[in-house]
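Spelled out, the chains give:
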Amino acid sequence: MKSRNEIYNTLVEILVDDFEVESDDISLEANLYQDLDLDSIDAVDLVVKLREITGKKIDPEAFKLVRTVEHVVIEVEKLILAK
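Bear in mind that the values here come from a model prediction, so they are computed numbers and not experimental data. (Residues numbered from 1 in each chain as written. Predicted model: local features only at pLDDT ≥ 70, side-chain atom pairs only at ≥ 80, totals over all residues. Heavy atoms only, no water.)

1. Examining the side chain of Glu 75
Filter applied, for reference: In this text, helices come from DSSP runs of H or I with a minimum length of four residues, and strands from runs of E with a minimum of two, each type numbered from the N-terminal end. The criterion used for residue contact is that any of the two residues' heavy atoms lie within 4.5 Å.
For Glu 75, the position within the fold is in helix 4 (residues 69-81). Residues within four places of Glu 75 in sequence aside, it is in contact with Ala 62, Phe 63 and Val 66.

Structure follows, in structure tokens:
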């Protein structure tokens, strides 16, 4: 995963496969909690999954402010670019 598009596509795949979200419901503007019906436990599971994929430790504080799919993409991109 290097580009935002690759990150987005990976995130869509995770949301569909692991969280049973309809792919038609997913967009960059989609709110994880209101539009995609994730709860706080799902958010933790998503962070764990992203950590597995990126191989990077994810700061839970950074993800507390995440609300949309685009926010997740941005945070993952920051992790990947960080050395």
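2. With respect to the nonpolar core
Rules: We call a set of buried residues a nonpolar core when its members are Ala, Val, Leu, Ile, Met, Phe, Trp, Tyr or Cys and they connect through side-chain atoms within 4.5 Å of each other. Here's how the labels work: a residue is buried when its accessible area is under 20% of the maximum for its type, exposed when over 50%, partly exposed in between, all with a 1.4 Å probe on protein chains only.
Residues Leu 15, Ile 26, Leu 36, Leu 50, Val 69 and Val 72 are the most contacted members of the largest nonpolar core, which totals 24 residues. Of the residues forming this core, the biggest block, 7 residues, is contributed by helix 1 (residues 4-19). With sequence-adjacent residues up to four places away left out, Leu 15 is seen in contact with Glu 20, Val 21, Ile 26, Leu 36, Leu 38 and Val 69.

3. A closer look at helix 4
Put simply, the test is: Helix span is expected to be 1.5 Å times the residue number reduced by one.
In this model helix 4 runs 18 Å from its N-terminal to its C-terminal C-alpha over 13 residues, within 8% of the 18 Å that 1.5 Å per residue would give. The set of residues buried in helix 4 consists of Val 69, Val 72, Val 73, Glu 75, Val 76, Glu 77 and Leu 79.

4. Some details on the packing of helix 1 against helix 4
Packed helix pairs are specified by the crossing angle of their axes together with the interaxial distance, meaning the distance between the axes. The following threshold applies: A fitted line through C-alpha atoms serves as each axis, taken over the contacting stretch for helices, and the angle formed by two N-to-C directions is quoted from 0 to 180°. An angle counts as roughly parallel when it lies under 35 degrees, as roughly antiparallel when it exceeds 145, as roughly perpendicular when it falls between 65 and 115, and as oblique in every other case. Rotating anticlockwise by less than a right angle from the far helix to the near helix defines a left-handed crossing, while the corresponding clockwise rotation defines a right-handed one. In this count, Pro and Cys sit with the nonpolar residues alongside Ala, Val, Leu, Ile, Met, Phe, Trp and Tyr, while Asp, Glu, Lys and Arg are called charged and the others, Gly among them, polar.
At a closest axis distance of 9 Å, the pairing of helix 1 and helix 4 adopts a crossing angle of 120°. One way to sum up the angle between helix 1 and helix 4 is to call them oblique. The handedness of the crossing between helix 1 and helix 4 comes out as right-handed. In this structure, helix 1 contributes Arg 4, Ile 7, Tyr 8, Leu 11 and Leu 15 to the contact, and helix 4 contributes Val 69, Val 72, Val 73, Ile 74, Val 76, Glu 77 and Ile 80. Counted by class, the contact of helix 1 with helix 4 contains 10 nonpolar, no polar and 2 charged residues.

5. Quick look at helix 2 (residues 40-54)
Going by this rule: Directions from the helix axis toward the C-beta atoms define the arc.
Its 15 residues place the ends of helix 2 21 Å apart at the C-alpha level, agreeing with the 21 Å of an ideal helix rising 1.5 Å per residue. Restricting attention to buried positions, one finds in helix 2 the residues Asp 42, Ala 43, Leu 46, Val 47, Leu 50 and Thr 54. Taken around the axis of helix 2, the buried residues stretch over an arc of 145°, which confines them to a single face. Away from its buried face by more than 90 degrees, helix 2 exposes Ile 41, Val 44 and Glu 52.

6. Some points on the packing of helix 1 against helix 2
As a packed pair, helix 1 and helix 2 sit with axes 11 Å apart at the nearest point and diverge in direction by 130°. Relative to helix 2, helix 1 is oriented oblique. In the crossing of helix 1 with helix 2, the sense of the turn from one axis to the other is right-handed. Where helix 1 approaches helix 2, its residues Thr 10, Leu 11, Ile 14, Asp 18 and Phe 19 are matched on the opposing element by Asp 42, Asp 45, Leu 46, Lys 49, Leu 50 and Ile 53. Of the residues in the contact of helix 1 with helix 2, the class split is 6 nonpolar, 1 polar and 4 charged.

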